[in-house]
Amino acid sequence: MTTTSPVGAEIDRVEGRAKVTGAARYAADQRVNGKAYGYLVQSTIGLGSISSMNTAQALAAPGVIAVYSPFNPLKLYARQGDSAERYVPLQDDKVRFRGQIIGLVVAESFEQARDAAALVRTQYREEGHPRTSVAAAAPGTTVPSDAVGYPGPPSKNTVLAPGVASIDDALRDSAVTVESTFYQDPQNHCAMEPHATIAEWRDGRLTVYVGAQGPQQYAAALAGRLGVESDRVHVVSPYVGGGFGGKYKVWNDALVTAAAARDLGRPVKLVVSREQAFILNGHRPALQQTVKLGASHDGVLNAVWHETDSEDSVVGYCPNLPAEVTRALYKTPNLHFDQRQVTLDLPPISSMRAPWATPGAFALETAMDELAVKTGVDPLTLRLRNYATTSPETGRPWSSKHLDECYRVGAERFGWADRSPVPGTRVDGEWLVGMGMASGMLSATRAPASARVRFRDDGTVTVASAISDLGTGATTMLAIVAADALGVSLKTVSAELGDSALPPGVPAIGSIVTGSTVPAVQAAARDAITALITLAVQDAASPFHGKNSTDVHYQEGRLEADGRSVSFAQLLRAVGNPAVEAIATTAPGAETTRYAMDSFAAHFCEVRVNRYTGEPRVSRFTTVVDVGRVVNAKALRSQLVGGIIFGIGNALLEVNAIEDNGRLANSSLADYLVPVNADIPAIDTHWLDYPDTVFSEFGSRGMGELTTVGSSAAVGNAVYNATGIRIRDLPITLDKLIA
Amino acid sequence: MTERERSEEPGDGLSRRGLLGRASAMAVGAAVVSTSSPGAAFASDTAAAVPPAVGEHLVDVRLSVNGRPVRLRADPRWTLLDTLRERLELTGTKKGCDRGQCGACTVHVDGRRVLSCLTLAAAADGSQVRTIEGLADGDELHPMQQAFIDHDGFQCGACTSGQIMSAVALVDEGHAASDDEIREYMSGNICRCSAYPFIVDAVKAASKVMR
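Conventions adopted
Residues numbered from 1 in each chain as written. Chains lettered and ligands numbered in written order. Predicted model: local features only at pLDDT ≥ 70, side-chain atom pairs only at ≥ 80, totals over all residues. Heavy atoms only, no water. Helix = DSSP H or I, 4+ residues; strand = E, 2+ residues; numbered from the N terminus. Rg over C-alpha atoms; globule rule 2.2 N^0.38 Å. Contact = heavy atoms within 4.5 Å. Areas by Shrake-Rupley, 256 points an atom, 1.4 Å probe, with all protein chains shown as cover. Domains from an automatic or database assignment. Buried area = accessible area lost by both parts, 1.4 Å probe. Salt bridge = Lys/Arg side-chain N within 4 Å of Asp/Glu carboxyl O. Polar contact = N/O pair within 3.5 Å; in protein donor to acceptor, adjacent residues only side chain to side chain. Nonpolar A, V, L, I, M, F, W, Y, C, P; charged D, E, K, R; others polar. Expected span 1.5 Å × (residues − 1). Buried < 20%, exposed > 50% of the residue type's maximum accessible area, 1.4 Å probe, protein only. Pairing = 2+ DSSP bridges. Axes fitted to C-alpha atoms, helices over the stretch in contact; angles between N-to-C directions. Parallel < 35°, antiparallel > 145°, perpendicular 65-115°, else oblique. Left-handed = near helix turned anticlockwise from the far one by under 90°.

- In the annotation of an unreviewed UniProt entry, the entry for chain A reads Aldehyde oxidase/xanthine dehydrogenase a/b hammerhead domain-containing protein, and the organism field reads Streptomyces griseorubiginosus.

### Quick look at the overall build of chain A
Right, on to step 1. A tally of helices and strands in chain A yields 18 helices and 29 strands.
Right, on to step 2. In terms of overall size, chain A behaves like a compact globule, its C-alpha atoms giving a radius of gyration of 27 Å where 739 residues would be expected to give roughly 27 Å.
Right, on to step 3. Judged by the C-alpha coordinates and their principal axes, chain A covers about 80 × 70 × 55 Å.
Right, on to step 4. Pairs at least 24 apart in sequence give 80% of the contacts found in chain A among residues at least 6 apart.
Right, on to step 5. Carbon and sulfur atoms provide 48% of the accessible area of chain A, an area that totals close to 24300 Å².

### Structural notes on the domain arrangement of chain A
All names here are of chain A.
Right, on to step 1. Domain annotation of chain A identifies domain 1 (16–23 + 447–587), domain 2 (32–128 + 192–242 + 247–280) and domain 3 (141–186 + 284–445 + 593–737).
Right, on to step 2. The C-alpha centroid of domain 3 is placed 37 Å from the C-alpha centroid of domain 2.
Right, on to step 3. Listed per partner, the contact involves 18 residues of domain 2 and 24 residues of domain 3.
Right, on to step 4. Between domain 2 and domain 3 the total buried area reaches about 1800 Å² when both faces are included, carbon and sulfur atoms providing 61% of it.
Right, on to step 5. One salt bridge in this structure joins Asp-312 and Arg-86, with 3.3 Å as the shortest N-O distance.
Right, on to step 6. There are three residue pairs in polar contact (both at pLDDT 80 or more) connecting domain 2 and domain 3.
Right, on to step 7. Considered class by class, the residues forming the side of domain 2 that touches domain 3 number nine nonpolar, one polar and eight charged.

### Quick notes on the interface of chain B and chain A
Right, on to step 1. Facing 58 residues of chain B, the contacting portion of chain A comprises 66 residues.
Right, on to step 2. Across the chain B to chain A interface the summed buried area is about 4900 Å²; carbon plus sulfur atoms make up 54%.
Right, on to step 3. The largest per-residue losses of area from chain B upon contact with chain A belong to Arg-77, Gln-155 and Arg-192 of chain B, which jointly make up 17% of the total buried on that side.
Right, on to step 4. Where chain B meets chain A, there are eight salt bridges.
Right, on to step 5. For Arg-13 of chain A, the salt bridge is made with Asp-152 of chain B, and the minimal N-O distance between the two is 2.6 Å.
Right, on to step 6. Here chain B and chain A share 28 residue pairs in polar contact (both at pLDDT 80 or more) between them.
Right, on to step 7. For the side of chain B that touches chain A, the secondary structure elements donating two or more residues are helix 3 (40–46), helix 4 (80–87), helix 5 (143–150), helix 6 (160–173), helix 7 (179–185) and helix 8 (196–210) of chain B.
Right, on to step 8. Tallying contributions element by element places helix 8 of chain B first for the side of chain B that touches chain A, with five residues.
Right, on to step 9. Partitioned by chemical class, the residues of the side of chain B that touches chain A number 23 nonpolar, 14 polar and 21 charged.

### Structural notes on helix 12 (residues 474–486) of chain A
All names here are of chain A.
Right, on to step 1. An ideal rise of 1.5 Å per residue puts 18 Å on 13 residues; helix 12 measures up with 18 Å between its terminal C-alpha atoms.
Right, on to step 2. Within helix 12, 11 of the 13 residues are buried, leaving the element largely enclosed by the surrounding structure.
Right, on to step 3. Of the positions making up helix 12, those classed as buried are Ala-474, Thr-475, Thr-476, Met-477, Leu-478, Ala-479, Ile-480, Val-481, Ala-482, Ala-483 and Leu-486.
Right, on to step 4. In this fold, the buried residues of helix 12 make contact with strand 19 (449–456), strand 20 (461–464), strand 21 (493–496), helix 13 (513–538) and strand 22 (553–555).

### Some details on the sheet that holds strand 26 (residues 598–610) of chain A
Residues and elements named next belong to chain A.
Right, on to step 1. In spatial order, the strands read 17-18-26-27-28; together these five strands make up an open sheet with mixed pairing. Every interior strand has two partners, whereas the edge strands, strand 17 (427–428) and strand 28 (683–687), have only one.
Right, on to step 2. Where helix 16 (residues 633–652) meets the sheet, its contacts fall on strand 27 (616–626) and strand 28, and the angle it forms with strand 28 comes to roughly 130°.
Right, on to step 3. Seen against the sheet, helix 17 (residues 711–723) touches strand 18 (431–443), strand 26 and strand 27 and runs at an angle of roughly 155° to strand 18.

### As for the packing of helix 16 of chain A against helix 17 of chain A
Residues and elements named next belong to chain A.
Right, on to step 1. Where helix 16 meets helix 17, the axes come as close as 7 Å, and the angle between the chain directions of the two elements is 50°. As the angle between them shows, helix 16 and helix 17 are arranged oblique. Relative to helix 17, helix 16 is oriented so that their crossing is right-handed. Across the interface between the two elements, Gly-643, Ile-644, Gly-647, Ile-648, Asn-650, Ala-651 and Leu-652 of helix 16 pack against Ser-711, Ser-712 and Val-715 of helix 17.
Right, on to step 2. For the contact of helix 16 with helix 17, the per-class residue count stands at five nonpolar, five polar and no charged.

### A short note on the sheet that holds strand 25 (residues 579–586) of chain A
Residue and element names in this part refer to chain A.
Right, on to step 1. Read from one edge of the open sheet, four strands run 21-20-19-25, paired in mixed fashion. Two strands close off the open sheet at either side, each with one partner strand: strand 21 and strand 25. Taking each pair of neighbouring strands and ignoring which way they run, the sheet shows an average axis angle of 15°.
Right, on to step 2. Sheet analysis places strand 19 next to strand 25, joined by eight bridges and oriented antiparallel. Paired with Arg-454 across the strands is Glu-581, a residue of strand 25.
Right, on to step 3. Relative to the sheet, helix 12 contacts strand 19, strand 20 and strand 21, its axis offset from that of strand 21 by approximately 135°.
Right, on to step 4. Running at roughly 140° to strand 25, helix 13 makes contact with strand 19, strand 20 and strand 25 of the sheet.

### Remarks on the domain arrangement of chain B
All names here are of chain B.
Right, on to step 1. When the domains of chain B are assigned, the result is domain 1 (3–134) and domain 2 (143–210).
Right, on to step 2. Contact with domain 1, which involves 13 residues of that partner, is made by 15 residues of domain 2.
Right, on to step 3. Regarding the contact of domain 1 and domain 2, the summed buried area is about 1200 Å², with carbon and sulfur atoms giving 52% of it.
Right, on to step 4. Three residues stand out in domain 1 for area buried against domain 2, namely His-108, Arg-113 and Ile-132, and they jointly supply 52% of the buried area on that side.

Structure, rendered in structure tokens:
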């Protein structure tokens with residue numbers, strides 16, 4: 001009997017039943033006895049200081065246990081590492097942005113805490129005007145990316161062909177040039193689970209129930225701020241209700257919750273309100289960027305130029321490097337980029353789904369569409385004409401790249417040949433119909449990762465790593481890869497993650513989880529098999545005792561030698577061991593210095609724009625990707641579709657406008673529009689099957705963020721094709737189309 | 001059998017008198033006790049942990065939750081959502097926005113889908129409440145739950161309870177006639193992971209089984 005490998009098949013989520021029955025316990029669902037409830041008090045000015053806070057009324061309110069403020073602070077420590085904000089709450093009277101945490105009310109019930117928080121009276125001294133405009137503050141500062149803890153791509157670089165004196169010369173000497181400036185306001189993650197923390201201290205040790213994109217990274221950062229050793233903080237995060245980059249960092253709401261629980265000697269639960277989540281838990285930063293392209297009359301690129309000025313909040317926390325795609329997407333002899341940050345007095349920024357590539361690709365791929373218009377070359381032909389086979393910046397070849405096939409297959413599936421090159425010429429009743437396309441690209445990264453594989457005497461296998469499943473399918477991925485590596489049925493495998501006590505796992509950022517973790521699971525499986533065989537030949541109670549270990553063979557859950565076959569469960573029961581396990585750690589090798597590694601996508605979009613109201617609606621979407629080997633076709637499709645819809649929201653709906661006083665004006669789900677079901681048509685996705693065996697033996701690259709990259713440009717290019725109107729300020733709303 | 005009939009059936013779980021006696025003896029805000037409903041695991045391992053009602057001007061509220069009678073001394077500020085989650089420990093119903101903007105908290109009250117975050121517990125007095133925990137029949141999933149698994153109608157799962165409760169009601173309302181109709185009538189439930197096309201597939205598939 002041969003066990004069929006589940007790799008690449010349509011596999012249901014292993015935690016699906018728990019999720020559809022309500023049994024899955026997210027952070028705010030965890031049962032902790034004797035807990036009190038916290039509610040945050042926020043500043044109502046954007047810049048200044050607090051002169052006084054009257055907390056008497058709040059303290060006297062029914063059920064109130066404590067009110068913390070800058071005048072009754074919690075014990076916290078200064079910044080530790082990059083996973084925390086740049087300021088520590090409640091330690092001084094400064095107001096750095098509007099909505100900053102300035103108090104915490106703890107009461108017996110949520111209602112009591114919330115209502116008491118409204119009784120706190122605060123007097124402020126406003127000190128100047130908050131800086132709120134990227135355009136006004138530009139140009140910003142080029143921050144070396146490794147100077148802020150993000151080693152890797154340079155923030156600024158210029159590559160020139162021999163004999164070319166400057167990038168400006170290269171542009172000037174090009175027959176055709178395009179220059180476009182783009183702007184977008186902040187956007188928010190809006191994970192459906194708002195940030196929630198339950199903190200419980202026992203004997204100087206903290207257990208914290210929280211949605212964390214990296215349980216161990218979270219534990220380390222939280223411990224630093226609390227002034228305790230990392231091993232004294234246990235993060236429990238079995239389910240994360242969406243992250244999109246917004247649940248990587250230890251936000252200050254979690255910090256004050258943990259500190260209050262320590263101060264009170266009692267568990268504290270705090271769930272931020274949706275409005276607070278918009279402010280306190282990060283946003284995609286406001287961004288102004290300019291792209292210049294220089295090309296021949298037939299569209300062959302001679303120069304690519306990309307400069308960006310991105311909002312960096314005064315309170316953190318990461319540089320925005322939108323030229324990530326520009327650096328490598330097209331073959332060009334001359335390349336220049338400079339990615340600057342401008343410091344504004346706004347709430348904290350954060351990584352949001354392909355944080356760099358998403359806005360960068362919108363600019364570059366819109367500019368490419370403009371070049372197509374200017375040269376009269378079909379946008380698809382233009383991209384094939386400038387196809388890169390080696391990185392224009394480093395000269396390295398790709399580990400595996402089939403973007404050209406993505407373009408061709410996508411065009412065929414979508415019916416790109418039916419597109420009219422003349423904007424505004426396809427009309428269907430009151431709708432103008434247009435088609436657009438764009439490319440997507442996301443760097444494929446592996447990081448050191450560990451996993452544990454354990455054979456158990458009940459015939460089951462467990463596989464574990466301290467990673468997180470934000471809805472990505474990571475739990476199912478672990479089970480699939482372990483089942484495949486051991487040749488056992490998927491049903492016998494259970495996966496454990498979302499716990500900082502498990503073997504070291506990579507955080508769910510940068511789409512690195514699958515690529516990094518698969519090799520670790522495979523190695524742990526191999527080592528567990530070796531351990532099983534060693535036990536079989538060494539234990540006196542084993543039927544294989546005394547045999548040479550090379551004579552005992554493992555196959556599909558059984559050990560065989562000399563015609564005798566025993567299941568691992570039988571062996572473990574025979575020798576009286578409940579389990580045999582192995583932990584393995586794997587890391588990328590020298591290939592990372594020899595190759596460029598990326599995942600690729602080709603997007604094709606049809607939009608319909610109402611001739612009278614300007615309302616833009618996406619009517620069709622086709623995306624074809626090259627992501628290496630596929631672990632789970634079902635989860636892959638969902639991730640691809642989810643990323644595309646993120647891009648549609650990015651293009652047409654999402655904006656959190658900055659008011660002059662520093663308020664993010666759209667901070668609710670009524671005012672900040674995300675796509676709903678009626679906004680979304682059927683979406684066609686397809687993937688090529690080229691295992692990237694340079695990237696890893698298994699050949700699977702990351703893809704969780706890939707289709708967010710470029711999808712918004714495909715929408716915008718389709719809007720242009722429908723209307724002849726080019727909108728460079730996101731989102732593309734009806735008011736801009738009837739102006 | 002309707003929920004009301006089931007809830008009044010003698011010997012089905014704890015008797016009403018037994019339940020009330022237990023509730024008052026523990027001075028609890030609520031208790032849900034059952035041996036056979038899907039919520040049983042929640043209730044049995046946590047019944048002792050139900051926190052006491054705190055607050056002023058408490059009011060009596062009687063509900064039937066997933067067919068089980070519940071009597072509460074409720075803070076009049078309690079929403080039905082927070083009552084389910086914080087008092088009855090039925091945490092399958094999620095709080096996404098607390099403002100009626102996202103649909104994550106959707107439950108059925110007297111057979112209609114409602115936003116439990118915009119419904120005060122006191123205003124639901126006398127109502128039949130059905131939550132995600134009350135949808136399956138023992139180990140057998142409701143067709144809508146099974147369809148959501150089959151079609152991958154979710155990723156992170158935080159909106160899923162609300163999606164499924166909306167979807168079940170939508171079919172009962174007769175609004176599953178076409179993809180466009182499903183999209184329209186499911187648009188009160190946000191899914192940020194954006195499983196929308198698969199939710200449409202799931203609702204279509206389940207609606208055929210539910211008929």
